[in-house]
Amino acid sequence: MENQNNSFKSLWVSISLISLAIFAFLVWWIYGKETADGSSYPWVSALPYINCALNSLTAILLCLGVSLIKKGNKTAHRNVMITAGVVSAIFLITYLTYHHFQGDTKFLGQGFVRYLYFFILISHIILSMVQVPLILGTFYLAFTKKWATHKKVARITFPIWLYVSITGVLVFIFLKSF
Ligand code: HEM
């Protein structure tokens, strides 16, 4: 039992360290490094729309996956959750590609909408950092068949992952509208 607890702890420490490294890399990628010239690649301007579509798809898959397990459909739940993970991984690639060519985008709205936008953006950024170890851990707990703990952790992972994907769409809509 003691041994199992220790290996569990070191697993969470490793997952958290990996997540921290991913986050540090993202901050450097978006805010630190020089952006490349994307003017000869017209598809770059389509990437925010693709990112928005991928975030929307993730949100739909997450709701579908959880409603399936509530009905007891374990195989469909597993398949839909794995698909949500793959869609999020594709999102990460298209997001990084976009930010390779384009640094951060300025929000031009003023007044109340500006406070609202930054509340959404900051909560989105903080929770996108929190969600990485939770998602990796929830998958790990499922693949190692630790169902009771999977259920406990997944009930935290699900709303956070859903919030991050929905607010990703909202940030895009705000940037396009103001
Ligand atoms: C990060 C991805 C995942 C999330 C967010 C997630 C979410 C959830 C949630 C919220 C529950 C509890 C439902 C309830 O309240 O009754 C649950 C249960 C369950 N999940 Fe997942 N899940 C994920 C991945 C997986 C995967 C990959 C598998 C299969 C390999 C899986 C298999 C199961 C099973 C079998 C249960 C039922 C456990 C039990 O009742 O004993 N899940 N999941």
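Just so you know, these numbers come straight off a predicted model, no measurement behind them. (Residues numbered from 1 in each chain as written. Predicted model: local features only at pLDDT ≥ 70, side-chain atom pairs only at ≥ 80, totals over all residues. Heavy atoms only, no water.)

## Brief notes about the confidence of the model for the protein chain
When pLDDT is averaged across the protein chain, the result is 93; 99% of the residues are at 70 or more. By mean pLDDT, helix α1 (residues 2-32) is the weakest element of the protein chain at 85, and helix α2 (residues 47-70) is the strongest at 98. (pLDDT = per-residue confidence, 0-100. Helix = DSSP H or I, 4+ residues; strand = E, 2+ residues; numbered from the N terminus.)

## Side note on the layout of surface pockets
Here the largest pocket defines a volume of roughly 1,300 Å³. Along the walls of the largest pocket sit 43 residues, with I30, F91, Y95, H99 and H124 positioned nearest its centre. Counting only elements with at least two residues in the lining of the largest pocket, the list comes to α1, α2, α3 (74-101), α4 (112-143) and α5 (147-177). Tallying contributions element by element places α4 first for the lining of the largest pocket, with twelve residues. Considered class by class, the residues forming the lining of the largest pocket number 28 nonpolar, twelve polar and three charged. As a volume, the second largest pocket reaches approximately 830 Å³. Lining the second largest pocket are 24 residues, and of these I69, H77, W147, H150 and A154 lie nearest its centre. (1 Å grid on protein atoms, 1.4 Å probe; cavity = no way out; pocket = protein on both sides within 12 Å on 5 of 7 lines; lining within 4 Å. Points joined across faces, edges and corners; volume = space filled by probe spheres on them. Nonpolar A, V, L, I, M, F, W, Y, C, P; charged D, E, K, R; others polar.)

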